[in-house]
Each structure stands twice: as C-alpha cells, then as structure tokens.
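Letter by letter, the chains look like this.
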Amino acid sequence: INAVTLPIYLAAGGGILLSIVPAINFITKYVYSSYDLKSTNMLNGIPVFYSLCEGAVLAIAFLWRKRFYDSRWNTVLISASFFAFYFTFVASRHAILGRFSLYFGIAAFGLLVPELVALFAGILAGKIGNQPRPDPVTAEETGADLTAPQTTVKALDTTSLKAAAASSLVCLIAAGALFFGYALANNYNGVVPHQWIWNYNG
C-alpha cells in the first residue's frame with residue numbers, strides 16, 4: 001500500500017461497507033444462519049474508539065514507511081495496519097466483524113514497535129539523516145551501505161527528526177495501551193473475569 005493505492009483501498013472499503021448488509025443476507029441463507037442481521041452481534045457495533053486507535057497505528061506506519069531500516073517489510077506492515085483499521089471501522093456498525101481486526105492489529109503493532117525503536121536509535125546514533133533510507137534490494141545491487149548516514153543534517157533537522165520519531169513511538173504505545181485497556185475495562189469479548197486454565201471446570 002502506497003500513497004496511490006491507499007485512497008483506492010479506502011474507496012473499495014467504503015463500497016464493501018455499503019454492500020455488507022445485502023452480502024450478509026445472501027450468505028446467511030446458506031451458512032452461518034445464526035449471524036443474520038437480527039443477531040445481537042450484527043445489530044450492535046463496537047465503539048468507534050477502537051478504530052481511532054487503529055487509525056493512529058496506520059497513520060504512523062504510513063508516514064514513516066520510507067525511513068524504516070528494512071523497507072521490504074513495509075508491504076506487510078502497512079497492509080496489516082490498514083486491515084486492522086478497516087475491520088475495526090466496519091465493526092462500529094457490525095460487531096461480529098471486529099474479531100478480524102485482532103489478527104491484523106497484533107501483527108501491525110508487533111512489527112511497528114521494533115521498527116520505530118530501531119529508527120529512533122539510529123537517529124540518536126547519527127546513522128539516519130533527514131532523507132529516506134535506500135531500498136534494501138537496490139542497495140544490494142549498488143553496494144550501498146544501509147548503516148551509513150544518508151546525509152549530513154543540520155542540528156535543527158536532527159532535533160526535529162528525533163522529536164518526531166520519539167512522539168510517534170509514544171503515540172503508538174499509547175494507542176496500543178488505550179485500545180487494550182479500554183477493551184479490558186469494557187469486557188470486550190467477555191474475557192473478564194479472567195480464569196486460569198488450571199481453574200477451569202469445564
């Protein structure tokens with residue numbers, strides 16, 4: 001997903017959202033009849049707060065995508081971030097679809113945190129300047145050193161870059177903490193009270 005395809009994905013996602021009711025009506029005639037439009041999970045949605053948290057993850061991943069150490073993971077990272085956001089957004093109308101976002105959300109968060117940490121550490125060490133990092137595939141062909149600074153930057157530029165990376169990392173961790181904290185406080189998916197496996201009575 002890039003600056004060209006992201007609007008296309010969003011437009012396609014909007015179209016799917018508008019057509020989801022007739023699609024579910026058709027599907028549940030043959031399978032999963034318990035998930036028809038009269039079921040609780042279809043009539044009710046999850047809070048929009050969840051999609052705002054996932055939207056923050058998507059925005060951070062997308063804005064920093066050209067500066068990550070190994071951009072070959074960008075396709076997985078951006079795609080996972082997008083679908084986590086999309087399914088939480090759709091689930092604000094139909095809660096049953098929210099479970100799909102968890103698979104993508106965990107992957108997006110798990111990939112993005114170490115990327116941002118490595119990026120911030122590289123900036124502090126002076127190994128990442130104010131220009132996007134070269135693509136690893138192209139670097140292998142040209143013999144470019146991925147660990148070398150990309151450019152000599154002014155102190156102001158370096159300071160701004162440090163502040164932006166640190167702020168993004170804080171926002172990312174805050175979004176994750178708020179997402180799961182809010183879910184826990186509201187007993188999302190009925191996981192409270194917790195029960196250890198050795199206390200389970202069947």
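We now turn to the structure provided with this report. What you see is a predicted model; the values in this text were computed from it and never measured.

Some points on the packing of aromatic side chains
- The tally for this structure, following the rule as stated, stands at 15 aromatic pairs.
- Between Y50 and F179 the ring centres are 5.0 Å apart and the planes differ by 65°, which places this aromatic pair in the edge-to-face class. Separated by 129 residues along the polypeptide, Y50 in helix α3 (residues 49–63) and F179 in helix α7 (residues 155–185) bring together distant segments of the chain.
- The positively charged end of R65 is found above the aromatic ring belonging to F62, 3.9 Å away from the centroid.

Observations concerning the packing of α3 against helix α4 (residues 74–90)
- Their axes nearest at 8 Å, the elements α3 and α4 cross at an angle of 160°. The angle between α3 and α4 places the two elements in the roughly antiparallel class. Classified by chirality, the crossing of α4 by α3 is left-handed. Where α3 approaches α4, its residues Y50, S51, E54, G55, V57, L58, A61 and F62 are matched on the opposing element by L77, I78, S81, F82, A84, F85, T88 and F89.
- By residue class, the composition of the contact of α3 with α4 is 11 nonpolar, 4 polar and 1 charged.

Parameters and conventions
- Residues numbered from 1 in each chain as written.
- Predicted model: local features only at pLDDT ≥ 70, side-chain atom pairs only at ≥ 80, totals over all residues.
- Heavy atoms only, no water.
- Phe/Tyr/Trp six-rings, centres within 6.5 Å; stacked < 30°, edge-to-face > 60°.
- Helix = DSSP H or I, 4+ residues; strand = E, 2+ residues; numbered from the N terminus.
- Lys NZ or Arg CZ within 6 Å of the ring centre and 35° of its normal.
- Axes fitted to C-alpha atoms, helices over the stretch in contact; angles between N-to-C directions.
- Parallel < 35°, antiparallel > 145°, perpendicular 65-115°, else oblique.
- Left-handed = near helix turned anticlockwise from the far one by under 90°.
- Contact = heavy atoms within 4.5 Å.
- Nonpolar A, V, L, I, M, F, W, Y, C, P; charged D, E, K, R; others polar.

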